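Chain by chain, the residues:
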Amino acid sequence: MSKYQKVNWKKKLDFLLFGWLVNWAYPEYYRPKYGYKSYRKIILYNFISQKILGINRKTPWPVHFTSIVRSPEKIQKGILCDPGDNIGVYIQAVNGIILGNNVGISPGCKIISANHNVCQHSKHDTSPPIIIGNNVFIFANSVVLPGVKIGDNVTIGAGSVVVKDIPSNSIAVGNPCRVIKAKEPYAERFEAIEFNRKIPENLRKYFSSY
Amino acid sequence: MSKYQKVNWKKKLDFLLFGWLVNWAYPEYYRPKYGYKSYRKIILYNFISQKILGINRKTPWPVHFTSIVRSPEKIQKGILCDPGDNIGVYIQAVNGIILGNNVGISPGCKIISANHNVCQHSKHDTSPPIIIGNNVFIFANSVVLPGVKIGDNVTIGAGSVVVKDIPSNSIAVGNPCRVIKAKEPYAERFEAIEFNRKIPENLRKYFSSY
Amino acid sequence: MSKYQKVNWKKKLDFLLFGWLVNWAYPEYYRPKYGYKSYRKIILYNFISQKILGINRKTPWPVHFTSIVRSPEKIQKGILCDPGDNIGVYIQAVNGIILGNNVGISPGCKIISANHNVCQHSKHDTSPPIIIGNNVFIFANSVVLPGVKIGDNVTIGAGSVVVKDIPSNSIAVGNPCRVIKAKEPYAERFEAIEFNRKIPENLRKYFSSY
């Protein structure tokens, strides 16, 4: 049985006391109802900095106070994906970022959709959006650069600098980041999990592809 | 027309209400008067942490509360250059750092002028200062090591570790950082911009070199 | 004479006023009594965030508010070693981390003892603990991955990704991190230093190996 299905009274009380506030404050937060993060901690570490102090106020999911999400309105994302929920993450979505379901972005990562023009720093270069598929994990201190496409079921090793597209079902590492081996199919399934809120139909359709 | 020349009443009000406080608190802050950062946000995100909470209190330009500037009195810098204004930046100037005009330092970068001695951690090695020229941009998560000289009009790619000098007019990337191609001349000119304060003569002389 | 032996009335007053609180709050903080960090600053930058705001509350040594130490109860460490005392450091000890005496971990480093399983993100892979010896310095923005052993008297260069064991008495750099040269014996000795508290016998025995 998944840890997300073990429910005890502490978890229930946590959801009762703080879950409604988290759900209200973060309309794009889709996580297992029980057993992921405590709702009390989301209030303490995210809600206070975002909704009271105003750091990343407009981002509709929890962002850590040491991270920045620029242009969150240009980010389209699935469930189980909260870019910026770890420390020291910089998400710059000036040219748009499209993230699938179940994308993990580790501490210290930078996802940068628009470079400063190298000959005119005050302007951003335009480029296609960054597109990241389903079931992707990007390990610590990595950087993803403008226009990069990362497929489904991909693992990016720590300290990588992703400058070119990474195909589906692969493990890639290095600076510059290159595929080093194929990846087994993704094994986790989410149909049985009870979520913190109803999953919209357009996101639910991906469940079968897990 | 540059975005720095588009002035509306909101920007004027912002300068009227908060600009004087920013200018008073940060005597080495030289940026376009309108259209760069809102002065209100500099108060919220920089002034409160620096001048009230005392994090990087002595640094005479805005520093983000997640960044640290050590020995700011040993930093000599031009206009359009506020090392530490991004998240997770560590500027250690024990051996001195000389920065030109218009130097951008991205989130997660570390500029380290003095290593801890490898056989005696409690001592810093002495070395010449780090010298960085005009119109330089250092992209995310890069590290610049002691004694390095970076010329004018240089771009350092994300995730680079700069261990050797980088000549002017070049684009350099990698760990260790190497020149990968020549760079076009820098295109932006600043003569027409109205600044937040008078630019001292010794900094103004560089304007023609842009 | 070491800087830790220069004592003046300011340092004595600082210890009198704040030293007892630091020693009480941080039972695993072992540093020179005078001349390392001011106790007042530890209260300002560490105690308030840890003991009042509750960020890294359970970690029994000072941790910066921009850093995270996960599972601190699984960290075993020596003296002169406070992982997370710099900015943007992420220490994840799910599989255990064993650190020797005098280990420096620079800003932006990540020490990760358990990866998320690449095919099942919600599970951590098990692996042996990370083991780091005495007199080790890990420079900025480096990452140490699960199960890695680093010997005694080792320097890891900035921006390294340590994926394999690093033997004693070596300097190693790069992504992936490789030994580039042998290191001189460590030169500093600590027998003469007065510490902030009594050093337990099991840690004191290492003194002679410095």
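Residues numbered from 1 in each chain as written. Chains lettered and ligands numbered in written order. Predicted model: local features only at pLDDT ≥ 70, side-chain atom pairs only at ≥ 80, totals over all residues. Heavy atoms only, no water.

Novice: Sorry if this is basic, but what is going on with the interface of chain B and chain A here?
Specialist: The partner chain A presents 26 residues to the 28 residues of chain B that form the contact. Summing both partners gives a buried area of about 2000 Å² for chain B against chain A, and 66% of it is carried by carbon and sulfur. Taken as a group, B:I87, B:F137 and B:N141 account for 24% of the area that chain B buries against chain A, more than any other trio of residues on that side. At the surface where chain B touches chain A, the tally comes to zero salt bridges. If you look at where chain B meets chain A, you find 12 residue pairs in polar contact (both at pLDDT 80 or more). Partitioning the side of chain B that touches chain A into residue classes produces 13 nonpolar, 11 polar and four charged. (Contact = heavy atoms within 4.5 Å. Buried area = accessible area lost by both parts, 1.4 Å probe. Salt bridge = Lys/Arg side-chain N within 4 Å of Asp/Glu carboxyl O. Polar contact = N/O pair within 3.5 Å; in protein donor to acceptor, adjacent residues only side chain to side chain. Nonpolar A, V, L, I, M, F, W, Y, C, P; charged D, E, K, R; others polar.)

Novice: Would you take a moment to explain the interface of chain C and chain A for this structure?
Specialist: Each partner contributes to the interface: chain C provides 26 residues, whereas chain A provides 28 residues. Summing both partners gives a buried area of about 2000 Å² for chain C against chain A, and 66% of it is carried by carbon and sulfur. Joining chain C to chain A, the criterion identifies 12 residue pairs in polar contact (both at pLDDT 80 or more). Broken down by secondary-structure element, the contributors of at least two residues to the side of chain C that touches chain A are β1 (68–70), β6 (110–112) and β8 (120–124) of chain C. Tallied by class, the residues present in the side of chain C that touches chain A amount to 11 nonpolar, 13 polar and two charged. (Helix = DSSP H or I, 4+ residues; strand = E, 2+ residues; numbered from the N terminus.)

Novice: How should I be thinking about the pattern of salt bridges in this particular structure?
Specialist: A pair can form between side chains of opposite charge whenever their charged atoms are brought close. Residue and element names in this part refer to chain A. Tallied over the full model, the rule gives 18 salt bridges over all chains. A salt bridge links K77 to D82; the shortest N-O distance between them is 3.9 Å. For the pair formed by K77 and D82, the shared burial category is buried. One connected set of salt bridges, linked through shared partners, spans R31, K37, K77, D82 and D85. (Buried < 20%, exposed > 50% of the residue type's maximum accessible area, 1.4 Å probe, protein only.)

Novice: Got a minute to help me understand the relation of the copies chain B and chain A in this structure?
Specialist: Put simply, the two copies of the chain differ by a rotation about an axis and a shift along that axis. After a rotation of 120 degrees and a shift along the axis of 0.0 Å, chain B superposes on chain A with an RMSD of 0.0 Å. In symmetry terms, the pair is related by a three-fold rotation axis. Of the residues that chain B buries at the interface, just 18% are likewise interface residues in chain A, meaning the two copies contact each other through different surfaces. (Least-squares fit on C-alpha atoms with pLDDT ≥ 70 in both.)

Novice: Explain the sheet that holds strand β6 (residues 110–112) of chain B here, please?
Specialist: Through backbone hydrogen bonds, the strands of a sheet pair up, either in parallel or in antiparallel fashion. Residues and elements named next belong to chain B. Spatially, β1-β3-β6-β11-β14 is the arrangement adopted by the five strands of the open sheet, whose pairing is parallel. With one partner strand each, in any of the chains shown, β1 (68–70) and β14 (161–162) form the two edges of the open sheet. Note that strand β3 (residues 90–92) and β6 share three bridges and pair parallel. Paired with I91 across the strands is I111, a residue of β6. (Pairing = 2+ DSSP bridges.)

Novice: I tried to follow the relation of the copies chain C and chain A on my own but got confused; where do I start?
Specialist: Rotating chain C by 120 degrees about the axis while translating it 0.0 Å along that axis superimposes it on chain A, leaving an RMSD of 0.0 Å. Here only 19% of the contact residues of chain C are again contact residues in chain A; the copies associate through non-equivalent surfaces.

Novice: Explain the side chain of C:T59 to me, please; I cannot follow it from the model alone.
Specialist: Locating C:T59 in the fold gives a position in the loop between α2 (39–52) and β1. Exposure remark for C:T59: the relative accessible area of 0% places this residue in the buried category.

Novice: When you look at a positive patch on the surface in this model, what are you seeing that I'm missing?
Specialist: On the surface, a cluster of positive charge is contributed by A:R40, A:K41, C:R57, C:K58 and C:R70. Mapping A:K41 onto the fold places it in helix α2 (residues 39–52). For A:K41, a relative accessible area of 40% translates into the label partly exposed. (Patch = residues over 30% accessible without salt bridge, like charges linked within 9 Å, V, L, I, M, F, W, Y side chains within 5 Å. Areas by Shrake-Rupley, 256 points an atom, 1.4 Å probe, with all protein chains shown as cover. Lys, Arg positive; Asp, Glu negative; His and termini not counted. Charge placed at Lys NZ, Arg CZ, Asp CG, Glu CD.)

Novice: What's the story with the environment of B:I97 in this structure? I'm lost.
Specialist: All names here are of chain B. For I97, the position within the fold is in strand β4 (residues 97–99). Overall, the relative accessible area of 1% leaves I97 in the buried class. Residues I97 and Y30 lie 67 residues apart in sequence; the distance between their C-alpha atoms is 18 Å.

Novice: How should the pairing of strand β16 (residues 178–182) of chain A be read in this particular structure?
Specialist: Consecutive side chains of a regular strand alternate in pointing toward one face of the sheet and then the other. Residue and element names in this part refer to chain A. The element β16 is largely exposed, with a buried count of zero among its five residues. With four bridges joining them, strand β15 (residues 170–173) and β16 adopt antiparallel strand pairing. Paired with V173 across the strands is R178, a residue of β16. Between the antiparallel neighbours β15 and β16 lie four residues, among them G174 with a positive phi of about 105 degrees.

Novice: Quick question: what am I supposed to make of helix α1 (residues 9–25) of chain C here?
Specialist: The α-helix advances 3.6 residues per turn, and as a result positions three or four apart in sequence lie on the same side. Residues and elements named next belong to chain C. Its 17 residues place the ends of α1 24 Å apart at the C-alpha level, agreeing with the 24 Å of an ideal helix rising 1.5 Å per residue. Taking the largest bend as the criterion, α1 deviates by roughly 55 degrees, centred on F18. Among all positions in α1, only D14, F15, G19, L21, V22, N23 and A25 are buried. Capping of α1 at its N-terminal end is provided by N8; its side-chain oxygen lies 3.2 Å from the backbone amide nitrogen of K10. (Expected span 1.5 Å × (residues − 1). Bend = angle between axes of the 7 residues up to and from the residue.)

Novice: I keep staring at helix α2 (residues 39–52) of chain B and nothing clicks. Help me out?
Specialist: All names here are of chain B. Given a rise of 1.5 Å per residue, 14 residues ought to cover 20 Å, yet the end C-alpha atoms of α2 are separated by just 17 Å, more than 12% below that figure. The sharpest bend along α2 measures roughly 45 degrees and falls at N46. If you check which residues of α2 are buried, you get Y39, I42, I43, N46, F47, S49 and Q50. Each element contacted by the buried residues of α2 is listed here: α1 (9–25). If you check the start of α2, you find a side-chain oxygen 3.3 Å away from the backbone N of R40, and it comes from S38. Looking one or two residues past α2, G54 carries a phi angle of roughly 90 degrees, positive in sign.

Novice: Is there a simple way to explain the pairing of strand β8 (residues 120–124) of chain A in this structure?
Specialist: Residues and elements named next belong to chain A. Here strand β7 (residues 116–117) runs beside β8; their pairing, made up of two bridges, is antiparallel. Within β8, the position partnered with N117 by the bridge is Q120. Counting the residues in the hairpin turn of β7 and β8 gives two residues.

Novice: Hey, could you run me through the packing of aromatic side chains in this one?
Specialist: To describe a pair of aromatic rings, you give the distance between the ring centres and the angle between the ring planes. This structure, assessed with the given rule, holds nine aromatic pairs over all chains. Look at C:F137 and C:F139: their rings are 4.8 Å apart centre to centre, the planes differ by 40 degrees, and that puts the pair in the tilted class. In this structure, C:F137 and C:F139 share a single accessibility class: buried. Ring pairs connect the aromatic residues A:F15, A:Y34 and A:Y39, which therefore count as one cluster. When the ring centre of A:F15 is taken as origin, the NZ or CZ atom of A:K33, which lies over that ring, is 4.7 Å away. (Phe/Tyr/Trp six-rings, centres within 6.5 Å; stacked < 30°, edge-to-face > 60°. Lys NZ or Arg CZ within 6 Å of the ring centre and 35° of its normal.)

Novice: Mind showing me how you'd approach the packing of α1(C) against α2(C) here?
Specialist: Packed helix pairs are specified by the crossing angle of their axes together with the interaxial distance, meaning the distance between the axes. Residues and elements named next belong to chain C. At a closest axis distance of 9 Å, the pairing of α1 and α2 adopts a crossing angle of 30 degrees. In the crossing of α1 with α2, the sense of the turn from one axis to the other is left-handed. Mapping the contact onto sequence places D14, F15, F18, G19, L21, V22, W24 and A25 in α1 and Y39, R40, I42, I43, F47 and K51 in α2. Taken together, the residues that form the contact of α1 with α2 break down as 10 nonpolar, one polar and three charged. (Axes fitted to C-alpha atoms, helices over the stretch in contact; angles between N-to-C directions. Left-handed = near helix turned anticlockwise from the far one by under 90°.)

Novice: Would you take a moment to explain the confidence of the model for chain A for this structure?
Specialist: For any part of a model where pLDDT is low, the fine detail of the predicted coordinates should not be relied upon. Per-residue confidence for chain A gives a mean pLDDT of 94; residues scoring 70 or more make up 97%. With pTM at 0.95, the complex prediction returns an ipTM value of 0.93. (pLDDT = per-residue confidence, 0-100.)

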